[in-house]
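# Summary of the model geometry
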Amino acid sequence: KAGVTQTPRYLIKTRGQQVTLSCSPISGHRSVSWYQQTPGQGLQFLFEYFSETQRNKGNFPGRFSGRQFSNSRSEMNVSTLELGDSALYLCASSFPAGGKETQYFGPGTRLLVL
Amino acid sequence: DQQVKQNSPSLSVQEGRISILNCDYTNSMFDYFLWYKKYPAEGPTFLISISSIKDKNEDGRFTVFLNKSAKHLSLHIVPSQPGDSAVYFCAARNSGGSNYKLTFGKGTLLTVNP
């Protein structure tokens, strides 16, 4: 079974631009979560989608948004990029397991904002 | 408010010896815990999990111990191998809650010396 895939793998943008990242979950997984990883901060939860609905959102500004499609693929968008948005953005998918889901991560998209 | 803490940023161990990585949590609602391993430029890889109804779970060279009263868990790797050198993240969640996110520690860099 193919793993979680994320595109693009690397991205360079300038301040003020916007960016869209894509995530394809493992086949059969309907939950997709997004995390931001920066040095010293670990993995910070952005949001989680299940069946095209956002179920949870982390403490990030409204410039960070996402969506999920009927095939469970997900996108996240960051508008008006800031230097501090430079990070590794990770997507994870899981299969329902009564709260004991294991999230499987993709390789991430490395975003650099100049 | 860091609810999951990995107080050792780094750990160095000799090949063949035991590696012990520690994790503390403060949220008493957490009842499901996972360990992930992360190599540079890759997404985290799931290693092992434990539910709060257990105090130990083993999978090959990896064993996780949970001490609920101390709100402490540890990952033991025996014997350690150079390929185990990576950053290890501890993660936790409340399996009965409506919040599906994982809360991560900031990671411990394990170096296994040949």
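Residues numbered from 1 in each chain as written. Chains lettered and ligands numbered in written order. Predicted model: local features only at pLDDT ≥ 70, side-chain atom pairs only at ≥ 80, totals over all residues. Heavy atoms only, no water.

## Section: the pairing of strand 7 (residues 62–67) of chain B
Residues and elements named next belong to chain B. Of the strand pairs in this sheet, strand 6 (residues 56–59) and strand 7 are connected by four bridges, and their pairing is antiparallel. The partner of Asn 57 across the bridge, within strand 7, is Val 64. Here strand 6 folds back onto strand 7 in antiparallel fashion, the turn holding two residues, of which Gly 60 has a positive phi close to 65°. The hairpin formed by strand 7 and strand 8 (residues 72–77) contains four residues between the paired strands, and Lys 71 there has a positive phi angle of roughly 50°. (Pairing = 2+ DSSP bridges. Helix = DSSP H or I, 4+ residues; strand = E, 2+ residues; numbered from the N terminus.)

## Quick word on the sheet that holds strand 1 (residues 4–5) of chain B
All names here are of chain B. Ordered by their spatial adjacency, five strands build an open sheet running 1-3-8-7-6, and the pairing between neighbours is antiparallel. Unpaired on one side and paired on the other, strand 1 and strand 6 mark the two borders of the sheet. Where strand 7 meets strand 8, six bridges bridge the pair, whose relative direction is antiparallel. Across the sheet, residue Val 64 finds its bridge partner in strand 8, namely Leu 75.

## Remarks on the state of the cysteines
This structure, assessed with the given rule, holds two disulfides over all chains. In this model, Cys23(A) is linked to Cys91(A) through a disulfide, with the two sulfur atoms separated by 1.7 Å. Disulfide Cys23(A) to Cys91(A): torsion about the S-S bond roughly -50°, handedness left-handed. Note that Cys23(A) is positioned in strand 3 (residues 19–24) and Cys91(A) in strand 9 (residues 87–94), a separation of 68 residues in sequence. Judged by relative accessible area, which is 0%, Cys91(A) ranks as buried. One disulfide in the model links Cys23(B) with Cys90(B); its S-S distance is 2.0 Å. Between Cys23(B) and Cys90(B) the sulfur-sulfur dihedral comes to about -70°; the bridge is accordingly left-handed. (Disulfide = S-S within 2.5 Å. Buried < 20%, exposed > 50% of the residue type's maximum accessible area, 1.4 Å probe, protein only.)

## Looking at the pairing of strand 11 (residues 109–113) of chain A
All names here are of chain A. Burial along strand 11 is one-sided: Thr 109, Leu 111 and Val 113 are buried, and none of Arg 110 and Leu 112, which face the opposite way, are. In this sheet, strand 11 lies alongside strand 2 (residues 10–13) in parallel orientation, the contact comprising four bridges. Bridge pairing links Tyr 10 to Arg 110 in strand 11.

## Points about unusual backbone geometry
The step from Thr7(A) to Pro8(A) runs through a cis peptide bond, and the omega angle for that step is -10°. For the bond running from Val78(B) to Pro79(B), omega is -15°, close enough to zero to count as cis. For Ser51(A), which is not a glycine, the phi torsion comes out positive at approximately 50°. Not every positive phi belongs to a glycine, and Thr80(A) is a case in point at roughly 45°. The residue Thr80(A) is located in the loop between strand 8 (74–78) and strand 9 in this model. Judged by relative accessible area, Thr80(A) falls into the partly exposed class, the value being 48%.

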